[in-house]
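Summary of the model geometry
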Amino acid sequence: MSLILSRLSRLCLGKPVFVRRSCSSLLAISNGFSSSLLQTPPCFVVRANPCGEGLGKLLILKDTEDWLTHLEKKVPMELVDADELGTVGSCNGWVATLKDDAVLRLQDDLNPTASHTHPKHIPLPPLVTLPHCQTQIVTNVSMSSSSPEDEDCVVAVKFLGPQLSFCRPAQSQPEWTNVKIEDPCFFSSPVMFSKKDGKFRIPGSGGNLIGSWDLNKPKNKPKFQRLQYRNLPILTKVKRELLDLCSTSEHLVESRTTGETFLVKWFRKTSKRLALMKTKALMVFKIDEEGNAVYTEDIGDLVIYISRSEPFCVPASSFPDLLPNRVQLVDVDENGTICLHDSSVASHNIRFGAPYFIPPQNIDQV
């Protein structure tokens, strides 16, 4: 992984890097994914190489490979602009954009398996701002299914502050259902969808509470789960003092294969030299039905992916060369890997215009 990070760092500095291209130049499989697999491996967009008319060809990194893959797929450069983020969230390979017209749009432009000639852009109704709330700054976007085109799909948008909004895009006349959250501990936290519970869930800041909103009755009073932490790691005084200086974020992630739910605590600190955030530590807790949050350094065959997109888990055995018991990280200014068995952190500060992990996609979608 250190080799990958080194290559990414050189790439962003404009220096030559080793890149192995896809074996086929046919557009149908120019996404660089093997047709022998039923799904693509997890990946993320590194950047797009300008090719004229405001478009660029995608450059991605797959988690199963230690080289970068050039795609023939062209996307608007504004979607991958590292200086001014053109997107406000992502889920299941769809990115969300929000412009001055207050219309949130879901787009599949950055999905490597989606059509490059006929990208899908799904506009949602104009946002409605509740009193004493704001809808210009989006924390993240979540969906109850893999595509907003699914008949029963519900899209959840968490705004910075108290507002949480829901919409069913596939309805003939979609509209927003808006909820004002009372507890401030949820104001800056991301929302995720629990397929196991059929609810949207938000971890409170500090990781002491989890709020749940019913998929079909989101305006009903949310249910709260209070966590009790177990088996906490023994930290040295130096480590405790370091973590006290860090900015901490909490992320809920659910394994669709094992049914397990994990709370990830991500500790980052500003680098003195670069004035960029750098990962100092990460902790994973397994949450049970009673609210016990048990610290673990072993998530078995799983790999957890944390980014500005909705977090997800993948069994490492599903893809050749995918290493288990890890957490992969991407943010606007960092890319890293945490090996849970020894809590080792390897990361580089790199600017990304689309800091989203894309979960496995079906090959037959191309």
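Please read these numbers as outputs of a predicted model, since none were measured by experiment.

Looking only at helices and strands, the protein features 2 helices and 26 strands. For the protein, the proportion of its 366 residues judged to be buried stands at 52%.

A word on the packing of aromatic side chains. Taken as a whole and judged by the stated rule, the model has 10 aromatic pairs. Their ring planes at 15° and their centres at 4.9 Å tell us that Tyr 305 and Phe 312 sit as a pair that is stacked. With a relative accessible area of 0%, Tyr 305 lands in the buried category. An aromatic cluster is present here, built from Phe 44, Tyr 305, Phe 312, Phe 352 and Phe 357 joined pairwise through their rings.

Take the side chain of Arg 268 next. Relative to the elements of secondary structure, Arg 268 occurs in strand 18 (residues 261-270). There is a polar contact of 2.9 Å between the side chain of Arg 268 and the side chain of Glu 334. When residues no more than four places from it in sequence are discounted, the contact partners of Arg 268 are Cys 246, Ser 247, Met 277, Lys 278, Thr 279, Lys 280, Asp 331, Asp 333 and Glu 334.

With that settled, consider the layout of surface pockets. The calculated volume of the largest pocket comes to roughly 1,100 Å³. For the lining of the largest pocket, the elements supplying multiple residues, two or more each, are strand 5 (94-98), strand 8 (138-143), strand 17 (247-254) and strand 18. Its residues assigned to classes, the lining of the largest pocket shows 14 nonpolar, 18 polar and 9 charged. Lining the second largest pocket are 30 residues, and of these Gln 39, Asn 92, Arg 256, Pro 359 and Pro 360 lie nearest its centre. Considering each element in turn, the lining of the second largest pocket owes the most residues, 4 residues, to strand 22 (residues 312-315). A breakdown of the residues in the lining of the second largest pocket according to their chemical character gives 15 nonpolar, 11 polar and 4 charged.

Turning our attention to the sheet that holds strand 12 (residues 192-194). Strand order in the open sheet made by the 4 strands is 12-13-14-15, with antiparallel pairing throughout. Across the chains shown, the open sheet's two edge strands, defined by having one partner strand only, are strand 12 and strand 15 (223-226). Each strand axis lies, on average, 30° off the axis of its neighbour in the sheet, ignoring direction.

If you walk through the whole model with that rule in mind, you get 15 salt bridges. Arg 256 is the partner of Glu 254 in a salt bridge, and the nearest nitrogen-oxygen pair spans 3.9 Å. By relative accessible area, which is 7% here, Glu 254 ends up buried. The class for Arg 256 is exposed, based on a relative accessible area of 53%. Put simply, Asp 331 and Arg 268 hold a salt bridge, and the shortest N to O gap is 2.7 Å. Within this pair, whereas Asp 331 is found in strand 23 (residues 326-331), its partner Arg 268 is found in strand 18, the two being separated by 63 residues in sequence. Given the relative accessible area of 7%, Asp 331 is considered buried.

Take the nonpolar core next. The biggest cluster of nonpolar side chains holds 18 residues, and the ones touching the most others in it are Leu 104, Leu 106, Leu 124, Met 143, Val 155 and Val 157. Every element with two or more residues in this core is listed here: strand 5, strand 6 (103-107), strand 7 (121-126), strand 8 and strand 9 (155-159).

It is worth spelling out the pairing of strand 23 at this point. Burial analysis of strand 23 places 6 of its 6 residues in the buried class, which makes it a mostly covered element. Burial along strand 23 is two-sided: Arg 326, Gln 328 and Val 330 and Val 327, Leu 329 and Asp 331, pointing in opposite directions, are all buried. As judged from the 6 bridges shared by strand 23 and strand 24 (residues 334-339), these two strands associate in the antiparallel manner. Its bridge partner lying in strand 24, Asp 331 is registered against Glu 334. Where strand 23 hands over to strand 24, the hairpin turn is made up of 2 residues, counted between the paired strands.

Applying the stated criterion across every chain yields a total of 2 cavities of 30 Å³ or more. Reported here for the second largest cavity is a volume of approximately 40 Å³. Within the lining of the second largest cavity, the residues separate by chemical class into 6 nonpolar, 2 polar and no charged.

As a further point, take the sheet that holds strand 24. Ordered by their spatial adjacency, 5 strands build an open sheet running 22-21-23-24-25, and the pairing between neighbours is mixed. What marks the edges here is a single partner per strand, and that holds for strand 22 and strand 25 (344-348). Between one strand axis and the next, the sheet turns by 15° as a mean value, whatever way the strands run.

Going through the model one piece at a time under the given rule, you end up with 0 disulfides. In this model Cys 167 remains outside any disulfide bridge; the closest cysteine sulfur is found in Cys 153, 9.2 Å from its own.

Averaged over all residues, the pLDDT of the protein equals 89, while 89% of them reach at least 70. This model gives residues 9-31 a pLDDT under 50, and the stretch forms 39 contacts once residues within four places in sequence are excluded.

Conventions we followed
Residues numbered from 1 in each chain as written. Predicted model: local features only at pLDDT ≥ 70, side-chain atom pairs only at ≥ 80, totals over all residues. Heavy atoms only, no water. Helix = DSSP H or I, 4+ residues; strand = E, 2+ residues; numbered from the N terminus. Buried < 20%, exposed > 50% of the residue type's maximum accessible area, 1.4 Å probe, protein only. Phe/Tyr/Trp six-rings, centres within 6.5 Å; stacked < 30°, edge-to-face > 60°. Polar contact = N/O pair within 3.5 Å; in protein donor to acceptor, adjacent residues only side chain to side chain. Contact = heavy atoms within 4.5 Å. 1 Å grid on protein atoms, 1.4 Å probe; cavity = no way out; pocket = protein on both sides within 12 Å on 5 of 7 lines; lining within 4 Å. Points joined across faces, edges and corners; volume = space filled by probe spheres on them. Nonpolar A, V, L, I, M, F, W, Y, C, P; charged D, E, K, R; others polar. Pairing = 2+ DSSP bridges. Axes fitted to C-alpha atoms, helices over the stretch in contact; angles between N-to-C directions. Salt bridge = Lys/Arg side-chain N within 4 Å of Asp/Glu carboxyl O. Core = buried A, V, L, I, M, F, W, Y, C linked by side-chain atoms within 4.5 Å. Disulfide = S-S within 2.5 Å. pLDDT = per-residue confidence, 0-100.

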